[in-house]
Amino acid sequence: MSREICIEASRVLEKAYLAYKAYLPARATDTLERFPVYLFATEKGYLAYSKGVTGTMPMRSAGLYSPVLRQLLIWNLPRRIAMMQTVRHEGLHQYIDRVMPSPARWFNEGHAEYFEAARTKGSWRLGLVRRDHIKTLGLSPKMSLEAFMNQSAYVFLRNARFNYAFSWLLVHYLHHGNPKNKAILKSLFQNYIAGKAHAQVWEIATKNINMLAFESGLWQHFKKLGGVHQPRPKPKNGRYGQ
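Residues numbered from 1 in each chain as written. Predicted model: local features only at pLDDT ≥ 70, side-chain atom pairs only at ≥ 80, totals over all residues. Heavy atoms only, no water.

(A) Broad picture of the packing of helix H4 (residues 105–116) against helix H8 (residues 160–176). Between H4 and H8, the shortest axis-to-axis distance is 8 Å and the interhelical angle comes to 80°. The angle between the axes of H4 and H8 places the two elements in the roughly perpendicular class. Residue-level inspection shows Trp106, Phe107, Glu109, Gly110, His111, Glu113 and Tyr114 of H4 in contact with H8, the latter providing Tyr164, Ser167, Trp168, Leu170, Val171, His172, Leu174, His175 and His176. For the contact of H4 with H8, the per-class residue count stands at 8 nonpolar, 6 polar and 2 charged. (Axes fitted to C-alpha atoms, helices over the stretch in contact; angles between N-to-C directions. Helix = DSSP H or I, 4+ residues; strand = E, 2+ residues; numbered from the N terminus. Parallel < 35°, antiparallel > 145°, perpendicular 65-115°, else oblique. Contact = heavy atoms within 4.5 Å. Nonpolar A, V, L, I, M, F, W, Y, C, P; charged D, E, K, R; others polar.)

(B) How the structure looks around H8. Helix length check: H8, at 17 residues, gives a terminal C-alpha distance of 24 Å against a target of 24 Å (1.5 Å per residue), a fit within 8%. Burial runs high along H8: 14 of the 17 residues are buried. (Expected span 1.5 Å × (residues − 1). Buried < 20%, exposed > 50% of the residue type's maximum accessible area, 1.4 Å probe, protein only.)

(C) Representation of helix H3 (residues 80–99). With 20 residues, H3 should reach 28 Å at 1.5 Å per residue; the first-to-last C-alpha distance of 29 Å fits that figure. Judged by how many residues are buried, H3 sits mostly within the fold: 16 of 20 residues are covered.

(D) Focus on the side chain of Ser140. The topology assignment puts Ser140 in the loop between helix H5 (131–138) and helix H6 (145–149). Since its relative accessible area comes to 1%, Ser140 is described here as buried. Separated by 2.9 Å, the side chain of Ser140 and the backbone oxygen of Thr136 make a polar contact. (Polar contact = N/O pair within 3.5 Å; in protein donor to acceptor, adjacent residues only side chain to side chain.)

(E) Structural context of the pattern of salt bridges. For the coordinates displayed, the defined rule picks out 5 salt bridges. A salt bridge links Arg70 to Asp97; its shortest N-O distance comes to 4.0 Å. Remark: Asp97 occurs in helix H3 and Arg70 occurs in the loop between strand E2 (63–66) and strand E3 (71–75); sequence separation between them is 27 residues. Using a relative accessible area of 23% as the deciding quantity, one classes Asp97 as partly exposed. (Salt bridge = Lys/Arg side-chain N within 4 Å of Asp/Glu carboxyl O.)

(F) Here's a closer look at the sheet that holds strand E1 (residues 37–40). Reading across the sheet, the 3 strands line up as E1-E3-E2 and stay open at both edges, with mixed pairing between neighbours. Edge positions in the sheet fall to E1 and E2, since each has one partner strand and no second. Sheet twist, expressed as the average angle between the axes of neighbouring strands with direction ignored, equals 15°. Looking at chain direction, E2 and E3 are connected through 4 bridges and run antiparallel. By the bridge assignment, Gly63 is partnered in E3 with Ile74. Here H3 sits on the sheet in contact with E1, E2 and E3, set at roughly 170° to E3. (Pairing = 2+ DSSP bridges.)

(G) How the structure looks around the nonpolar core. Core analysis: the largest hydrophobic core is formed by 48 residues, its most contacted members being Trp106 and Leu188. Among the elements that make up this core, the one with the highest residue count is H8 (10 residues). Not counting chain neighbours up to four residues away, the residues in contact with Leu188 comprise Trp106, Phe107, Leu174, Val201, Trp202 and Ala205. Counting residues in hydrophobic clusters, the runner-up holds 19 residues, among them Tyr46, Leu47, Tyr65 and Ala82. (Core = buried A, V, L, I, M, F, W, Y, C linked by side-chain atoms within 4.5 Å.)

(H) Spatial organisation of the side chain of Asn191. Here Asn191 shows up in helix H9 (residues 181–193). The buried category is assigned to Asn191, whose relative accessible area is 10%. For Asn191, the contacting residues outside a window of four places in its chain are Lys196, Val201 and Ile204.

(I) Quick look at the packing of aromatic side chains. Tallied over the full model, the rule gives 20 aromatic pairs. Seen in terms of ring centroids, Phe40 and Tyr46 are 6.1 Å apart; in terms of plane orientation they differ by 65°. Their pairing is edge-to-face. A relative accessible area of 0% means that Tyr46 is categorised as buried. Look at Phe148 and Phe166: their rings are 4.3 Å apart centre to centre, the planes differ by 35°, and that puts the pair in the tilted class. Here the residue Phe148 occupies a position in helix H6, and Phe166 occupies one in helix H8, the gap between them amounting to 18 residues. For Phe148, a relative accessible area of 2% translates into the label buried. (Phe/Tyr/Trp six-rings, centres within 6.5 Å; stacked < 30°, edge-to-face > 60°.)

(J) Main features of the pairing of E2. Residues of E2 alternate between two faces, with Gly63 and Tyr65 on one and Leu64 and Ser66 on the opposite face, all of them buried. Where E2 folds back onto E3 in an antiparallel hairpin, the turn is made up of 4 residues, including Arg70, whose phi is positive at roughly 60°.

Set out below in structure tokens:
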């Protein structure tokens, strides 16, 4: 394994950690405990170790975070940019696990996708548009916010491509949409940090919000980012985005 690659990945993680702390609230009990990170020279080694850690072989995965062992695992992708995007994505999961007991999957993955796309040369620039997610959402039927929030973990992962895109859009809207969304975002952070249940956290954050207007604003934000809704015929197996 190249020493230079390890140093570069460490620097990316250090800068990302500072950005996470600057943009995402942390618990007062957050410590300076080091974050365990493993970089693998080959995909084979990464997959073998991942299977030993999680009990399953990750599919089409460039990296993962194990909340059980609190380890971040990344393999040396041929494309360095893609590798460092994965480093930022999985690094966010590692940070979130440190400061929040059990946030909703959409909140966790949405922020990971959000930080993955950050421009990191010089000062950090967040909120860049994910054209891949815009395209995915444009080619899929609209899902109501209620249906999205009520998905099981199994259903969320079964249609991961769409759900990751929708999670990113929702997080982007909370950070960069209607200014009133800042209050929702603050409430979500506070209550996830406090360890409250997913449904309760969302209910508290939106109790004074007109959800029809909020959902309409979400899709207006999608259009503002360049999205055009062009639904395709529903496939026979009932799944989109795979």
